[in-house]
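Coordinates in review
Below are the chains, spelled out letter by letter.
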Amino acid sequence: MQTSFLTRRALLLCLSFSLFSSPALATLGQPLPAGRAAAAPQALALKTAPPAVYSVAQSRDEAGRLIREFVRQTDGVVFAVAWQGASLPDMRQLLGDYFPTYVSSQQSNRAGLNRLEGRGPGLTVISAGRARAFFGLAYVPALVPAGLDIDQLK
């Protein structure tokens, strides 16, 4: 089932008000830096589900962009990152070792001028926006906790 654009935006706003901010950013595929804590996803707490398999760390970068890092409970590894802001964040910082895959997905993008849908075996990136309104999600399918529907993160 496809989640509508407005539903995703509403969920993003809900999460932005229900989580805390923190200054340091994590990198996709790496553990959350020492001293950073992550909160359980509030929007999912209303559903009857098995115990949380991930938590969310939220911060704002120097340009005020909202960055959310989705962290596996088992080992503290960031399996997905999401962003929202007036411009794209530092994708090299967010994606780390996955940045070259992101660049190649941009080169083969067929989704359109203001949208990127790069789906590969090692990285999936869905990004869209225009001036002063960018948002997106990047995740590593192999790192997503078992049983988690990735559409819950959008």
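Residues numbered from 1 in each chain as written. Predicted model: local features only at pLDDT ≥ 70, side-chain atom pairs only at ≥ 80, totals over all residues. Heavy atoms only, no water.

As for the overall build of the chain
The helix and strand tally for the chain stands at three helices and six strands. Its helices and strands taken in sequence order, the chain reads α-β-β-β-α-α-β-β-β from the N to the C terminus. Burial analysis of the chain (154 residues in total) assigns 45% to the buried set. In the form shown here, the chain has an accessible surface area of approximately 8300 Å², with 56% of it arising from carbon and sulfur atoms. (Helix = DSSP H or I, 4+ residues; strand = E, 2+ residues; numbered from the N terminus. Buried < 20%, exposed > 50% of the residue type's maximum accessible area, 1.4 Å probe, protein only. Areas by Shrake-Rupley, 256 points an atom, 1.4 Å probe, with all protein chains shown as cover.)

Here's the deal with the packing of aromatic side chains
Per the counting criterion, the structure on display carries four aromatic pairs. For the pair Tyr54 and Phe79, a centre-to-centre distance of 5.9 Å together with 85° between the ring planes defines the contact as edge-to-face. A residue pair is termed long-range when its members are at least 10 positions apart, and Tyr54 in strand E1 (residues 54-60) and Phe79 in strand E3 (residues 78-85) qualify at 25 residues. Phe79 sits in the buried class, given a relative accessible area of 0%. (Phe/Tyr/Trp six-rings, centres within 6.5 Å; stacked < 30°, edge-to-face > 60°.)

Observations regarding the side chain of Arg72
Relative to the helices and strands, Arg72 resides in strand E2 (residues 66-72). Look at Arg72 and you get buried, because its relative accessible area is 16%. Here Asp75 takes part through its side chain, which lies 2.4 Å from a polar atom of the side chain of Arg72. The contact partners of Arg72, leaving out residues within four places of it in the chain, are Val53, Tyr54, Val77, Phe79, Leu143 and Pro145. (Polar contact = N/O pair within 3.5 Å; in protein donor to acceptor, adjacent residues only side chain to side chain. Contact = heavy atoms within 4.5 Å.)

Remarks on the nonpolar core
With 32 residues, the main nonpolar core has Phe70, Phe79, Trp83, Leu95, Tyr102 and Leu153 as its most contacted residues. Among the secondary structure elements, those contributing two or more residues to this core are E1, E2, E3, helix H2 (91-95), helix H3 (99-107) and strand E6 (133-139). Here this core gets six residues from one element, more than from any other, and that element is E3. When residues no more than four places from it in sequence are discounted, the contact partners of Tyr102 are Leu88, Met91, Leu95, Leu116, Leu123 and Val125. (Core = buried A, V, L, I, M, F, W, Y, C linked by side-chain atoms within 4.5 Å.)

Notes on unusual backbone geometry
For Arg132, which is not glycine, the phi dihedral falls at a positive 70°. With respect to the helices and strands, the residue Arg132 is situated in the loop between strand E5 (124-130) and E6. Assessed through its relative accessible area of 69%, Arg132 is described here as exposed.

A closer look at H3
Among all positions of H3, only Phe99, Tyr102 and Ser105 are buried. Summarising the axial view, the buried residues of H3 lie within an arc of 115°, below the 170-degree limit, and thus occupy one face. Exposed residues pointing more than 90 degrees away from the buried face of H3 are listed as Pro100 and Gln107. Where H3 is buried, its residues contact H2, strand E4 (115-119) and E5. (Arc of directions from axis to C-beta.)

Side note on the confidence of the model for the chain
On average, residues of the chain carry a pLDDT of 77, and 69% of them reach 70 or more. Of all secondary-structure elements in the chain, the lowest mean pLDDT belongs to helix H1 (residues 5-18), at 37, while E3 reaches the highest, 96. In this model residues 1-23 is a low-confidence stretch, pLDDT under 50, and it forms 37 contacts with partners more than four residues away in sequence or in other chains. A low-confidence stretch, residues 42-49 stays under pLDDT 50, and its non-local contacts, those more than four residues away or across chains, total nine contacts. (pLDDT = per-residue confidence, 0-100.)

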